[in-house]
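For reference, the chains in residue letters:
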Amino acid sequence: MPATVVAGNWKMNTTLDEARALAEGVRALAQGAPGVEVILCPPAISLAAVRDAVSGSPVKVGAQNIYHEDSGAFTGEIAPAMLGGICEYVIIGHSERRQLFGETDGQVNLKVKAAISHGLGPIVCVGETLEQRVAGQAAEVISGQVRAALDGIDAVNISGLIVAYEPVWAIGTGQAATPEIAGEIMGGAILDTLQSLYGSSSAEVPLLYGGSVNAGNIGDFAAQSCIHGALVGGASLQAESFMDIARMAGETKRAGG
Ligand code: 13P
């Protein structure tokens, strides 16, 4: 059974001071969500401050993106090695990066490999657009994204891997997927692909749902056996709402969800 994980993707929000205060708020509430791996993913400029704010607590830190090269003339980019000692995870292939910044499956794969080779746990994001869903292509799109992201990565290297299913149409819209839709894709296309790639090792990979998660709907998602937590955007920008989600995810999974 994978760990229960609730990660907050702050996206391009919070100043340095706001990031520090939010992280301190989460830290103060961390004991309310026992057994849940809570991960904060602030903007890169605030990573070190957030690391300091949660140091000594169980709260973990993740970046929102990396570049795949080790160093060099790549103005504005951040190399995985630069995150050593600052964070343990990195979000890769978020749909906003794919859609707004043209990130391809091939680049996602390079980044996942770079993250793993530097000891960072990749939080690999996949998700179909509304057009793809309406055209009946959701499962095929998702399997393809998972397969491409993990191309050439062996089972021995997936210990820190997390996969997040974030349907594009559910992100920031207030229109979450239904738990049944999420469960169908996660327990179907995603799990089947992971099983075909990694056999029994795939059973330890946490699968997160993302897209308009809040304290009111997390229980229904976490009640699905193939959903092990959430990747939260908007509702992660307030410590109380975020930790309500983490607490409820933990309670639901402990109750057998
Ligand atoms: P929202 O929770 O704001 O819909 O964002 C989800 C997301 O994109 C997390 O990565």
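Structural data are supplied above this passage.
Residues numbered from 1 in each chain as written. Predicted model: local features only at pLDDT ≥ 70, side-chain atom pairs only at ≥ 80, totals over all residues. Heavy atoms only, no water.

1. Quick notes on the environment of Gly-119
Part 1 of the reasoning: Its place among the elements puts Gly-119 in the loop between α4 (105-117) and β5 (121-126).
Part 2 of the reasoning: Assessed through its relative accessible area of 62%, Gly-119 is described here as exposed.
Part 3 of the reasoning: Gly-119 sits 90 residues away from Tyr-209 along the chain, and the two C-alpha atoms are 24 Å apart. (Helix = DSSP H or I, 4+ residues; strand = E, 2+ residues; numbered from the N terminus. Buried < 20%, exposed > 50% of the residue type's maximum accessible area, 1.4 Å probe, protein only.)

2. Some thoughts on the site of the ligand
Part 1 of the reasoning: Neighbouring the ligand are Asn-9, Lys-11, His-94, Glu-166, Ala-170, Ile-171, Gly-172, Gly-211, Ser-212, Leu-231, Gly-233 and Gly-234.
Part 2 of the reasoning: Note that an oxygen atom of the ligand is positioned 2.6 Å from one of the backbone N or O atoms of Gly-172.
Part 3 of the reasoning: Contact distances for the ligand include 2.8 Å between an oxygen atom and a backbone N or O atom of Gly-234.
Part 4 of the reasoning: In terms of residue class, the shell around the ligand is made up of three nonpolar, seven polar and two charged. (Near = heavy atom within 4 Å. Polar contact = N/O pair within 3.5 Å; in protein donor to acceptor, adjacent residues only side chain to side chain. Nonpolar A, V, L, I, M, F, W, Y, C, P; charged D, E, K, R; others polar.)

3. Here we look at the side chain of Glu-166
Part 1 of the reasoning: Its place among the elements puts Glu-166 in the loop between β6 (162-165) and α7 (179-198).
Part 2 of the reasoning: Of the side chains with opposite charge, Lys-11 comes closest to the buried, unpaired Glu-166, at an N-O distance of 6.0 Å.
Part 3 of the reasoning: Not counting residues up to four positions away in its chain, the partners in contact with Glu-166 are His-94, Cys-125, Val-126, Gly-127, Ile-171, Gly-210, Gly-211 and Leu-231. (Lys, Arg positive; Asp, Glu negative; His and termini not counted. Salt bridge = Lys/Arg side-chain N within 4 Å of Asp/Glu carboxyl O. Contact = heavy atoms within 4.5 Å.)

4. Observations concerning the pairing of strand β4 (residues 89-92)
Part 1 of the reasoning: Residues Tyr-89 and Ile-91 point to one face of β4 and Val-90 and Ile-92 to the other, with burial holding for every one of them.
Part 2 of the reasoning: Two elements, strand β3 (residues 60-63) and β4, share two bridges in a ladder whose sense is parallel. Bridging across to β4, Ala-63 finds its partner in Val-90.
Part 3 of the reasoning: Of the strand pairs in this sheet, β4 and β5 are connected by four bridges, and their pairing is parallel. Across the sheet, the residue bridging to Val-90 is Pro-122, located in β5. (Pairing = 2+ DSSP bridges.)

Geometry only, nothing functional implied.
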